[in-house]
Amino acid sequence: MEFMQNEEKMEAVAFLADITSHLNDLNLKLQGKNNTVCELMSAVRAFQRKLEVFKSDLQEGLLHLPKLLEQTKGDNRPQNHVGFLEKLIENFKTRFDDFRLGKQVLLYIENPFLVRNVRVLCRSPTNLPMGQCCFSAK
């Protein structure tokens, strides 16, 4: 009972509920059949950009964090949650940077007829580190 009467702790719960909801949406997008690598990567990249939006939203109107807005009644304290989002942003960068494909490579996978200069997609295999595919170029 004491926990639920502590406004700071309930604010943290509301914030985590909002972030968990957004993570759940990403999770659902990554599941299912017939998803291409392009669609999966696009969903992850879009979520990474959303994290930056959520971070700036903490200092503005809490448009993307409705439970936190309801809990704080608009009187938000962004310093309490910015650090968490910064760590989450860094975690996503660390986990997914190895999966980066250039825009031209993704375009080539989706529709090869739209790419005019295929030579820019790959470096010579002799210049690549051991085990690296030419499509993993940044």
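Every value quoted in this text rests on a predicted model; they were computed, and no experiment measured them.

Asks: With reference to specific residues and values, describe the overall build of the protein.
Replies: For the protein, the count of helices and strands is six helices and zero strands. Going residue by residue from the N terminus, the α and β elements of the protein occur as α-α-α-α-α-α. By residue count, 28% of the 138 residues in the protein fall in the buried class. Taken as a whole, the protein presents about 10,000 Å² of accessible surface, with 55% of it coming from carbon and sulfur.

Asks: I'd like a rundown of the confidence of the model for the protein, residues and numbers included.
Replies: Counting all residues, the mean pLDDT for the protein is 78, and 73% of those residues have values of 70 or more. Mean pLDDT values over the elements of the protein span from 69, in helix 6 (residues 103–110), up to 92, in helix 2 (residues 7–30). Low confidence marks residues 123–138, where pLDDT is under 50. Its contacts with residues over four positions away, or in another chain, come to 20 contacts.

Asks: How would you sum up the pattern of salt bridges? Please name residues and give values.
Replies: Throughout the structure, instances matching the rule amount to one salt bridge. For Glu-86, the salt bridge identified is with Lys-55, shortest N-O distance 3.2 Å. With a gap of 31 residues between them, Glu-86 in helix 5 (residues 79–96) and Lys-55 in helix 3 (residues 37–57) connect regions that are remote in the sequence.

Scoring rules and cut-offs
- Residues numbered from 1 in each chain as written.
- Predicted model: local features only at pLDDT ≥ 70, side-chain atom pairs only at ≥ 80, totals over all residues.
- Heavy atoms only, no water.
- Helix = DSSP H or I, 4+ residues; strand = E, 2+ residues; numbered from the N terminus.
- Buried < 20%, exposed > 50% of the residue type's maximum accessible area, 1.4 Å probe, protein only.
- Areas by Shrake-Rupley, 256 points an atom, 1.4 Å probe, with all protein chains shown as cover.
- pLDDT = per-residue confidence, 0-100.
- Contact = heavy atoms within 4.5 Å.
- Salt bridge = Lys/Arg side-chain N within 4 Å of Asp/Glu carboxyl O.

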